[in-house]
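Coordinate analysis (summary)
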Amino acid sequence: WTDSRYFNEASLRLDSQHFDLMKQGQPKVPTIPKFLSDLATSHYKEKSKPLKVGMDAYVHSASFAQDLNEAFEEAAKDMEGGANGGATTIAEIDTLDGKSNMVDSIWEGRPALPKNPFRVQPME
């Protein structure tokens, strides 16, 4: 997914043989929670087990994880026709705690993370 600031750049750089560009906010483009909840529903119906969704907690906010969980719960309720109050778990978020980030492991020439202490800026 990308927002409108990067539509042109992403169109030029992404290999359309391997990636679908999701232009966030455009008609007929689902939100990430909607896309993943639909995927989780299909996965659960096909395999009878929850979809595992990996998420880097250093990149995504807690509110995003909450939005995902709410979308998964709502999709489970819809799938069951409202039965059991959506007790079926169709997806699980794995924050990959203790595991290396896949992108970090292949990023060649990555600059070192800053080691300077942060400074609190006054409110003005």
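Everything below is about the structure shown above.
So, here is what we can say about the structure in this document. Keep in mind it's a predicted model, so treat the numbers as computed, not measured. (Residues numbered from 1 in each chain as written. Predicted model: local features only at pLDDT ≥ 70, side-chain atom pairs only at ≥ 80, totals over all residues. Heavy atoms only, no water.)

For the rest of this paragraph, the subject is the environment of T41. When you line up the elements, T41 lands in helix α2 (residues 32–47). The residues touching T41, leaving out its near neighbours within four places in the chain, are A75, M79 and I90. (Helix = DSSP H or I, 4+ residues; strand = E, 2+ residues; numbered from the N terminus. Contact = heavy atoms within 4.5 Å.)

There is a patch of nonpolar side chains on the surface, built from W1, F35 and L39 and spanning about 260 Å² of accessible area. You can see W1 is positioned in the segment before α1 (7–13). (Patch = residues over 30% accessible without salt bridge, like charges linked within 9 Å, V, L, I, M, F, W, Y side chains within 5 Å. Areas by Shrake-Rupley, 256 points an atom, 1.4 Å probe, with all protein chains shown as cover. Salt bridge = Lys/Arg side-chain N within 4 Å of Asp/Glu carboxyl O.)

Let's shift gears to α2. In this model α2 runs 22 Å from its N-terminal to its C-terminal C-alpha over 16 residues, within 8% of the 22 Å that 1.5 Å per residue would give. If you check which residues of α2 are buried, you get P33, L36, S37, A40, T41 and H43. Structurally, α2 contributes buried residues whose contacts are with β1 (51–54), α3 (62–80) and β2 (91–94). The N-capping residue of α2, defined by a side-chain oxygen 3.1 Å from the backbone nitrogen of K34, is T31. (Expected span 1.5 Å × (residues − 1). Buried < 20%, exposed > 50% of the residue type's maximum accessible area, 1.4 Å probe, protein only. Polar contact = N/O pair within 3.5 Å; in protein donor to acceptor, adjacent residues only side chain to side chain.)

Covered by surrounding structure in β1 are L51 and V53 only, the residues K52 and G54 on the alternate face being uncovered. Relative to β2, β1 runs parallel, the two being bridged by four bridges. For G54, the partnering residue across the bridge sits in β2 and is D94. (Pairing = 2+ DSSP bridges.)

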